[in-house]
Amino acid sequence: MVLEESITAIKGIGAKTALLLNKLGIYTKGDILKYFPRNYDKYDKIIPISMVKSGMTAIISAMPVSFPMLKQMGKKSILICEVSDGSGKIELNWFNMPFMKSKLAKGVHMIYRGKVVRKGKFISMVQPEVLTEVEYRRKTEVLQPIYHLTKGVTSNLLRKSLKEVLAEVTSSIDYLPKNIRDENSLISLKDALQEIHFPKSYNTLVDARRRLVFDEFFLFALSIDRLKLGREKTPSPYIVNDDSTVVDFISSLPFSLTNAQQKVWEEVRADLMSGKRMNRLVQGDVGSGKTVIAMLSCLLMAKNGYQASVMVPTEVLARQHYDSFSTALEKYGVRVVLLTGSVKGRERKEVLLRIEKHEADIIIGTHALIQEKVVYDKLALVITDEQHRFGVKQRERLTDKGDEPHTMVMSATPIPRTLAVILYGDLDISIVNELPADRQPIKNCVVDEDYRMTAYKFILDEVKKGHQAYIICPMIEKSEDNDELSDVISYTDELISLISNKARVRYLHGKMKNEEKNHIMDEFAACRIDILVSTTVVEVGVNVPNATVMMIENADRFGLASLHQLRGRIGRGGAQSYCIFMSGNTSKEAMERLNILNTSNDGFKIAEEDMKLRGPGDVFGIRQSGDMAFNIGDIIGDADILKLTSETVKCMSDKTKNECYDRGRKFYSRGYGYGEDVMTL
Ligand code: ADP
Ligand code: MG
């Protein structure tokens, strides 16, 4: 089969449908094979209505006890029907689905599955799916893949197309030599692709996933291996001498450096002055104060007549760094510029010119820094902050901009050292393992829906004291394929109508225009917004020390690393801070996971505990967005596979390595895997 063949070659996909699929990143037959389900639906047992609780997705078997009622509210309609199963009654609500009425005959038992929410004193089930006994039984037997969809693309369309493409796949698609497959007990790629989309059973699905995760880590391990080859301590053309302004700068700081910061700075400084090229990872928990290390490095380079650049993953973070770098360093005669997507027109031209003519010493920005148009004069140090958000390729591209510059990558993802050595195999590692002494530990609580009003009251009390709060929702807007998750836009509306004018509430998400995002962040930083409802776009690096409350909706849906990063947005100043984890899911597993955060504020400890708690197979469903941007592999949950791939690569001949790399890359090309471009928020 031809993997590069366009999806329009698939029956039933015309130019119009193809455009819709393009939106999901699907252009070729190969792409659709790699469009893995984001989760699988398992239908649980039917429970009595008396046991139904708000927050859960429940399945009940009941019959209508009232006539369905259709209420019209402007353009919207709501269909209401009360059902009973003998143990209790519950109201069912459907929004804008008047046609459901025909499925609700009084006295006829049906099975309803939907999210249960609280409405004042009562609970109701929203948008329930209505199933017959037979349909329900069928759904309990097979795992139903759930895909990320977009308007006009249904699961059915994907399934039909996948069937057709899968039928063309032959065993020659497998790039892994048979002995490597056997040694690692891996199923064939052909089988893995079949099973990930159409699992016969839970066990076959676990095998399929294991194979695909292996591939992803394996190709990553191969690219790290290649980087390492080119990185044996090479001499550096950039001679760096000590400079007295560095000491001045340190003594002018409003705080003294922690021991950890001092130690790491010594390591970095020694690297820069060694005459060899620096390749260093600076890892440190959120709030450990990594930025100042970057500032010191940039200052030293600037004073030696070189340029330095700092690349960050979001526009918001770039602006924040630009502000703090220029405030801190301009008094030492260091010129700082900002280059991001929203720097446009004449301003952009000017910035580019200043970089080229070396009228700028420090260049801070987003991906814009690696575009072709940017020409540097003497780029001798390249820093990537929040490195886990970038792919290896992006990191490389910035390095390529200079002539073998020193490189430093900073990451706040605390990962156990055993894994860091594998993931950053090409780098020396420094760890900022201490928080500034003035910090009060954050107080945490894990709560359910019943606590909601208390939580809002608590937030309003903090606002009254002049503090600010973040509320995090997993979604931007109501989604077609998942109605269980809170979304930023309707949440903000509801919150505003609930608390009226007691606080200034605004929202922020990654899909807003850059200018809008900047504006909102400026307003929040200037304390003209009290409560910021946001997606995880604030997860990376944002520093507003006056914010003291972080409330996370659907907390059970986030990975622990993400939750820890989010929590890192508070507790950055002197005031006591509070983190509220709101979870509708009160299952033992969910509570156990959240409890790790409840009892510890130490990122490294959390990562270790997380690794202990999660075995293979546990990883379906939860995207570890705080971790490195792997596509399906999860560095903590799949740590065993990660170690396995690193061992495997160590034992391979150069020839086999090259063959595997080339053939593997061919299949896992565009948009896939850590080595490729990673989407930013
Ligand atoms: P991160 O490591 O998460 O990037 P930052 O560098 O943004 O952390 O630092 C977080 C906050 O702590 C900033 O407001 C910074 O000014 C402050 N800070 C950094 N180092 C110290 C220190 N040694 N003592 C007190 N505050 C510090
Ligand atoms: Mg930071």
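What you see is a predicted model; the values in this text were computed from it and never measured. (Residues numbered from 1 in each chain as written. Chains lettered and ligands numbered in written order. Predicted model: local features only at pLDDT ≥ 70, side-chain atom pairs only at ≥ 80, totals over all residues. Heavy atoms only, no water.)

**Student:** What exactly am I supposed to notice about the packing of helix α6 (residues 189-197) against helix α7 (residues 202-229) here?
**Tutor:** Geometry of a packed helix pair, given as the angle between the helix axes and the separation of the axes. Two numbers describe how α6 lies on α7: the axes approach to 8 Å, and their chain directions differ by 120°. In this view, α6 runs oblique relative to α7, as classed from their interaxial angle. Classified by chirality, the crossing of α7 by α6 is left-handed. Across the interface between the two elements, Leu-189, Ala-192, Leu-193, Glu-195 and Ile-196 of α6 pack against Thr-204, Leu-205, Ala-208, Arg-209, Arg-211, Leu-212 and Asp-215 of α7. Its residues assigned to classes, the contact of α6 with α7 shows seven nonpolar, one polar and four charged. (Axes fitted to C-alpha atoms, helices over the stretch in contact; angles between N-to-C directions. Helix = DSSP H or I, 4+ residues; strand = E, 2+ residues; numbered from the N terminus. Parallel < 35°, antiparallel > 145°, perpendicular 65-115°, else oblique. Left-handed = near helix turned anticlockwise from the far one by under 90°. Contact = heavy atoms within 4.5 Å. Nonpolar A, V, L, I, M, F, W, Y, C, P; charged D, E, K, R; others polar.)

**Student:** I'm lost on the layout of surface pockets in this one. Help?
**Tutor:** Approximately 1200 Å³ is the volume found for the second largest pocket. If you trace the second largest pocket, you find 48 residues lining it, with Thr-291, Gln-320, Ser-324, Asn-543 and Arg-572 closest to the centre. In terms of residue count, helix α11 (residues 315-329) provides more of the lining of the second largest pocket than any other element does, nine residues in total. Residues that form the lining of the second largest pocket fall into these classes: 20 nonpolar, 16 polar and 12 charged. Taken domain by domain, the lining of the second largest pocket gets at least three of its residues from each of domain 3 (244-432) and domain 4 (443-600). (1 Å grid on protein atoms, 1.4 Å probe; cavity = no way out; pocket = protein on both sides within 12 Å on 5 of 7 lines; lining within 4 Å. Points joined across faces, edges and corners; volume = space filled by probe spheres on them. Domains from an automatic or database assignment.)

**Student:** Is there a simple way to explain the confidence of the model for the chain in this structure?
**Tutor:** Detailed reading of the predicted model is not advised wherever pLDDT is low. Residues of the chain with pLDDT of at least 70 account for 92%, and the chain-wide mean is 87. Within the model, pLDDT remains below 50 along residues 623-627, and this stretch shows 24 contacts once partners closer than five positions in the same chain are excluded. Contacts for the low-pLDDT stretch residues 671-681, under 50 throughout, to residues beyond four places or in other chains number 43 contacts. (pLDDT = per-residue confidence, 0-100.)

**Student:** I keep staring at the environment of Lys-16 and nothing clicks. Help me out?
**Tutor:** By secondary structure assignment, the location of Lys-16 is in helix α1 (residues 15-23). With a relative accessible area of 71%, Lys-16 lands in the exposed category. With 68 residues separating them along the chain, Lys-16 and Ser-84 place their C-alpha atoms 45 Å apart. (Buried < 20%, exposed > 50% of the residue type's maximum accessible area, 1.4 Å probe, protein only.)

**Student:** Honestly, the nonpolar core in this entry has me stumped. Any pointers?
**Tutor:** It is characteristic of soluble globular proteins that their nonpolar side chains tend to be buried jointly. One finds Leu-33, Leu-193, Leu-212, Phe-218 and Leu-423 to be the most contacted residues of the largest nonpolar core, which totals 70 residues. Among the elements that line this core, the one with the most residues is α7, at 13 residues. Residue contributions to this core reach at least three from each of two domains, namely domain 1 (2-39 + 146-228 + 638-678) and domain 3 (244-432). Grouped together as the second largest cluster of nonpolar side chains are 61 residues, Val-246, Ala-294, Met-311 and Val-343 included. (Core = buried A, V, L, I, M, F, W, Y, C linked by side-chain atoms within 4.5 Å.)

**Student:** How should the pairing of strand β13 (residues 379-384) be read in this particular structure?
**Tutor:** Working note: regular strand, side chains alternate between the two faces of the sheet. Buried residues dominate β13, accounting for six of its six residues. As paired strands, strand β10 (residues 307-311) and β13 are joined by five bridges and run parallel to one another. What sits directly across from Ala-308, in β13, is Leu-381. Relative to strand β14 (residues 406-411), β13 runs parallel, the two sharing four bridges. Bridge pairing in β14 places Leu-381 opposite His-406. (Pairing = 2+ DSSP bridges.)

**Student:** So what exactly am I meant to see when it comes to the site of ligand 1 here?
**Tutor:** By nearness alone, 16 residues border ligand 1, and Gln-261, Gly-287, Lys-290, Thr-291 and Arg-439 come closest of all. With respect to ligand 1, the backbone of Gly-289 contributes an N or O atom lying 3.0 Å from an oxygen atom. Side-chain polar atom of Lys-290 to an oxygen atom of ligand 1: 2.8 Å apart, as the coordinates give it. In the complex, 85% of the free accessible area of ligand 1, which totals 570 Å², lies under the protein chains. Among the detected pockets, ligand 1 sits in the second largest pocket. Split into classes, the residues belonging to the shell around ligand 1 amount to four nonpolar, eight polar and four charged. (Near = heavy atom within 4 Å. Polar contact = N/O pair within 3.5 Å; in protein donor to acceptor, adjacent residues only side chain to side chain. Areas by Shrake-Rupley, 256 points an atom, 1.4 Å probe, with all protein chains shown as cover. Sits in = over half its atoms within 2 Å of the grid points.)

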